[in-house]
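Read off the chains here:
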Amino acid sequence: MSAIDVELPDENGTVWSVLVQDIDSGEVLLRHDPETVQDTASVGKIFLLHRLLAEVDAGTRTLDERVTRRPVEAIEDSGLWYLLQASELSLYDVAALIGAVSDNAATNTLGRVIGIPTVQEHTRALGYTASALDDIVRWPIPPGAPKTLSHANAAELVLFMSRLADGTDLSPASADTLRRWLGAGMDLSMVASAFDLDPLAHWGFDRGVWLLNKTGTISRVRADTGIVMSPTRRIAYAVLANWDRGADGRGPVLAAMRRIGEGIHAALAD
């Protein structure tokens with residue numbers, strides 16, 4: 001019996017992959033098909049950020065390095081850079097845009113600089129074989145290009161977040177940097193909606209909760225993974241939902257994701 005009891009709707013062909021786990025004790029608070037691989041939209045950008053910081057740790061790149069956005073990389077909708085006059089930014093600022101607003105233009109520029117195959121090789125080397133960043137952001141998606149921006153399962157995303165919480169795989173400075181980028185995430189519409197945080201400023205403890213997360217959103221996908229902490233407990237979660245193309249599964253999925261967040265919030269207070 002899971003500590004969090006939530007009914008996951010299956011209308012509209014909705015498929016879930018869910019895992020909520022205490023980082024320190026390993027206690028599983030909620031589990032539902034955590035090995036099922038899902039389309040995770042922008043969630044896979046975490047692997048791009050991780051690779052960037054691994055190269056910084058290796059001394060082959062610095063976050064002060066300046067990069068120029070090419071016109072073809074300025075994909076609209078998710079992000080801010082496509083609205084800005086500046087076409088040149090530091091790698092730190094490019095990565096901060098990805099962490100805070102899932103910036104598509106920043107993702108495409110950084111993806112070119114690092115190389116998507118390099119990110120994929122790095123992800124596999126870390127032991128994540130069911131999860132990956134599949135491509136840069138393209139719209140419309142041309143023939144022959146990957147059909148998903150990223151894919152993952154809840155088990156591997158929870159492992160990634162748990163290792164990030166403990167500072168595994170990166171230097172202390174780089175782990176702190178990645179946590180800070182994800183801690184600026186402004187999409188609190190899913191699991192994180194339960195914590196009633198300020199979406200524009202929630203770094204550090206607010207209402208007894210400290211959150212960092214990364215989300216993914218397209219018309220048939222809602223995905224949210226992150227770390228939630230109280231002063232005495234740390235919980236990693238991944239909640240991934242895909243539904244039938246053309247169906248409107250958003251309402252029931254978001255309601256269930258909030259209920260999961262409420263369960264996590266209650267567990268932090270125990």
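All of the points below concern the structure found in this document. (Residues numbered from 1 in each chain as written. Predicted model: local features only at pLDDT ≥ 70, side-chain atom pairs only at ≥ 80, totals over all residues. Heavy atoms only, no water.)

## Remarks on a negative patch on the surface
Inference 1: Together, D5, E7, D10 and E11 make up a region of like negative charge exposed at the surface.
Inference 2: Relative to the elements of secondary structure, E11 occurs in the segment before β1 (15-22).
Inference 3: By relative accessible area, which is 39% here, E11 ends up partly exposed. (Patch = residues over 30% accessible without salt bridge, like charges linked within 9 Å, V, L, I, M, F, W, Y side chains within 5 Å. Areas by Shrake-Rupley, 256 points an atom, 1.4 Å probe, with all protein chains shown as cover. Salt bridge = Lys/Arg side-chain N within 4 Å of Asp/Glu carboxyl O. Lys, Arg positive; Asp, Glu negative; His and termini not counted. Charge placed at Lys NZ, Arg CZ, Asp CG, Glu CD. Helix = DSSP H or I, 4+ residues; strand = E, 2+ residues; numbered from the N terminus. Buried < 20%, exposed > 50% of the residue type's maximum accessible area, 1.4 Å probe, protein only.)

## A look at the pattern of salt bridges
Two side chains that carry opposite charge are able to pair once their charged atoms sit near each other.
Inference 1: Under the criterion given, the structure shown has 15 salt bridges.
Inference 2: For the salt bridge of R51 with E55, the shortest nitrogen-to-oxygen distance reads 2.9 Å. Taken as a pair, R51 and E55 lie in helix α1 (residues 45-58) at a separation of four residues, close to a single helical turn.
Inference 3: Exposure remark for R51: the relative accessible area of 22% places this residue in the partly exposed category.
Inference 4: Here R258 ties to D196 by a salt bridge, and the two come within 3.6 Å at their closest N and O atoms. Of the two residues, R258 is situated in helix α7 (residues 250-269) and D196 in the loop between α6 (172-183) and β8 (210-218); the sequence distance between them amounts to 62 residues.
Inference 5: Among the ionic contacts, a cluster of salt bridges with common partners joins R51, E55, R61 and E65.

## Concerning the packing of aromatic side chains
Inference 1: Enumeration over the complete set of coordinates arrives at six aromatic pairs.
Inference 2: A ring pair is formed by F47 and F160, whose centres lie 5.5 Å apart and whose planes are at 85 degrees; its orientation type is edge-to-face. Of the two residues, F47 sits in helix α1 while F160 sits in helix α5 (residues 154-166), which places them 113 residues apart along the sequence.
Inference 3: Measuring from ring centre to ring centre gives 5.2 Å for F205 and W210, while their planes differ by 80 degrees; the resulting arrangement is edge-to-face.
Inference 4: Residue classification places F205 among the partly exposed residues on the basis of a relative accessible area of 45%. (Phe/Tyr/Trp six-rings, centres within 6.5 Å; stacked < 30°, edge-to-face > 60°.)

## A few points about the sheet that holds strand β7 (residues 150-152)
Inference 1: Reading across from one edge, β3-β7-β6 is the order of the three strands in this open sheet, with antiparallel pairing throughout. Whereas interior strands pair on both sides, the edge strands pair on one side only; in this sheet they are β3 (38-39) and β6 (132-133).
Inference 2: Here two bridges tie β6 to β7, and the two strands are oriented antiparallel to one another. Bridge pairing in β7 places L133 opposite S150. (Pairing = 2+ DSSP bridges.)

## A few points about the pairing of strand β9 (residues 221-229)
Inference 1: For β9, a buried count of nine out of nine residues is recorded, marking the element as mostly surrounded by other parts of the structure.
Inference 2: Of the two faces of β9, the one lined by V221, A223, T225, I227 and M229 and the one lined by R222, D224, G226 and V228 are each fully buried.
Inference 3: In terms of strand pairing, β8 meets β9 through nine bridges, oriented antiparallel. Looking across to β9, one finds that I218 is bridged to V221.

## Things to note about a nonpolar patch on the surface
Inference 1: A cluster of nonpolar side chains, namely L80, L83 and L84, defines an oily patch on the protein surface of about 280 Å² accessible area.
Inference 2: In this structure, L83 sits in the loop between β4 (66-68) and β5 (88-90).

## Quick notes on the packing of helix α2 (residues 91-101) against α6
Inference 1: Where α2 contacts α6, the two axes come as close as 7 Å, and the packing angle between them is 50 degrees. Regarding the angle of α2 to α6, the classification is oblique. Side by side, α2 and α6 meet where Y92, A95, A96, G99 and A100 of the first sit next to T177, W181 and L182 of the second.
Inference 2: For the contact of α2 with α6, a count of residues per class yields six nonpolar, two polar and no charged. (Axes fitted to C-alpha atoms, helices over the stretch in contact; angles between N-to-C directions. Parallel < 35°, antiparallel > 145°, perpendicular 65-115°, else oblique. Contact = heavy atoms within 4.5 Å. Nonpolar A, V, L, I, M, F, W, Y, C, P; charged D, E, K, R; others polar.)

## Some remarks on the environment of A86
Inference 1: Of note, A86 is situated in the loop between β4 and β5.
Inference 2: Expressed as a C-alpha distance, the spacing of A86 and T68, which sit 18 residues apart in the sequence, is 8.9 Å.
Inference 3: Not counting residues within four places of it along the chain, the set of residues in contact with A86 comprises R69 and W81.

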